[in-house]
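In case you want the letters, here they are:
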Amino acid sequence: MSGQGRPRAAGSGQRPAAIELLAGYPVVIESPVAWGDMDAFAHVNNTVYLRWFESSRIAYFEKLELMELMERTGVGPILASTRCRFKIPLDYPDRVSVGARIARIGEDRFVMEYAAASHRHAAIAADGEGLIVAYDYRQRAKAPIPDEVRERIHRLEGRDPDPL
């Protein structure tokens, strides 16, 4: 049962070709395609891709230790919008590696890009992006992205994201 359930960090053993497609993404998770992910049209339902993107986004936030910062300051991320562009249909059995990176950053928001790569097809099955806004959960209002977060993003990305 080790291959089922919760997405896991990629990188154990030999690197599948799918992971090589995500070389520009500093955070990559791996997840099985479950039988129940398919819909009546016998391919992975569109909502599953958004869950995969969400899981990679949360893994990115964990690398930045954003939840600790949010507990301390009250400022954390909130998803304002998201989109997904489907490239090839997936079905069971397969595994996907899903990458997340921050492409553009502004005063109070950033754009995170995602890509989901099929191990079976060795191809990008979908890509997308999310607009994430810095939000003060105590004041219930937008907030500037803290400098501490910007520094953590720079370290994780190995570069400064483009301006938004």
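Residues numbered from 1 in each chain as written. Predicted model: local features only at pLDDT ≥ 70, side-chain atom pairs only at ≥ 80, totals over all residues. Heavy atoms only, no water.

Draft legend 1. The overall build of the protein chain, seen in detail. Tallying secondary structure elements over the protein chain gives four helices and eight strands in all. Each helix and strand of the protein chain, placed in order from N terminus to C terminus, yields the pattern β-α-β-α-α-β-β-β-β-β-α-β. By the compact-globule yardstick of 15 Å for 164 residues, the protein chain fits well, its C-alpha radius of gyration being 16 Å. Dimensions along the principal axes, computed over C-alpha positions, put the protein chain at roughly 45 × 35 × 30 Å. (Helix = DSSP H or I, 4+ residues; strand = E, 2+ residues; numbered from the N terminus. Rg over C-alpha atoms; globule rule 2.2 N^0.38 Å.)

Draft legend 2. Structural context of unusual backbone geometry. The step from Tyr92 to Pro93 runs through a cis peptide bond, and the omega angle for that step is -5°. With respect to the element layout, Pro93 can be found in the loop between strand 3 (75-86) and strand 4 (94-105). Positive phi, normally seen in glycine, also occurs at Ala42, with a value near 65°. Looking at the element boundaries, Ala42 is found in the loop between strand 2 (27-33) and helix 2 (46-64). Note on Ala42: relative accessible area 49%, which makes it partly exposed. (Buried < 20%, exposed > 50% of the residue type's maximum accessible area, 1.4 Å probe, protein only.)

Draft legend 3. Inspection of the packing of aromatic side chains at higher detail. Here the structure, examined in full by the defined rule, presents six aromatic pairs. Measuring from ring centre to ring centre gives 5.0 Å for Tyr49 and Phe86, while their planes differ by 75°; the resulting arrangement is edge-to-face. Of the two residues, Tyr49 sits in helix 2 while Phe86 sits in strand 3, which places them 37 residues apart along the sequence. You can call Phe86 partly exposed: its relative accessible area is 44%. For the ring pair Phe53 and Tyr114, a centre distance of 4.7 Å and an interplane angle of 15° mean the geometry is stacked. With a gap of 61 residues between them, Phe53 in helix 2 and Tyr114 in strand 5 (residues 109-118) connect regions that are remote in the sequence. (Phe/Tyr/Trp six-rings, centres within 6.5 Å; stacked < 30°, edge-to-face > 60°.)

Draft legend 4. Region of the structure containing the pattern of salt bridges. With the rule as written, the count across this model stands at 16 salt bridges. With a shortest N-O distance of 3.1 Å, Glu148 and Arg72 are connected by a salt bridge. With Glu148 in helix 4 (residues 147-157) and Arg72 in helix 3 (residues 66-73), the pair connects residues that are 76 residues apart, well separated along the chain. Arg72 sits in the partly exposed class, given a relative accessible area of 45%. A salt bridge links Glu113 to Arg101, with the nearest nitrogen and oxygen atoms 2.9 Å apart. Remark: Arg101 occurs in strand 4 and Glu113 occurs in strand 5; sequence separation between them is twelve residues. The exposure class assigned to Arg101 is partly exposed, which follows from its relative accessible area of 22%. Because the salt bridges share partners, they merge into one network encompassing Arg83, Arg101, Arg104, Glu113 and Glu129. (Salt bridge = Lys/Arg side-chain N within 4 Å of Asp/Glu carboxyl O.)

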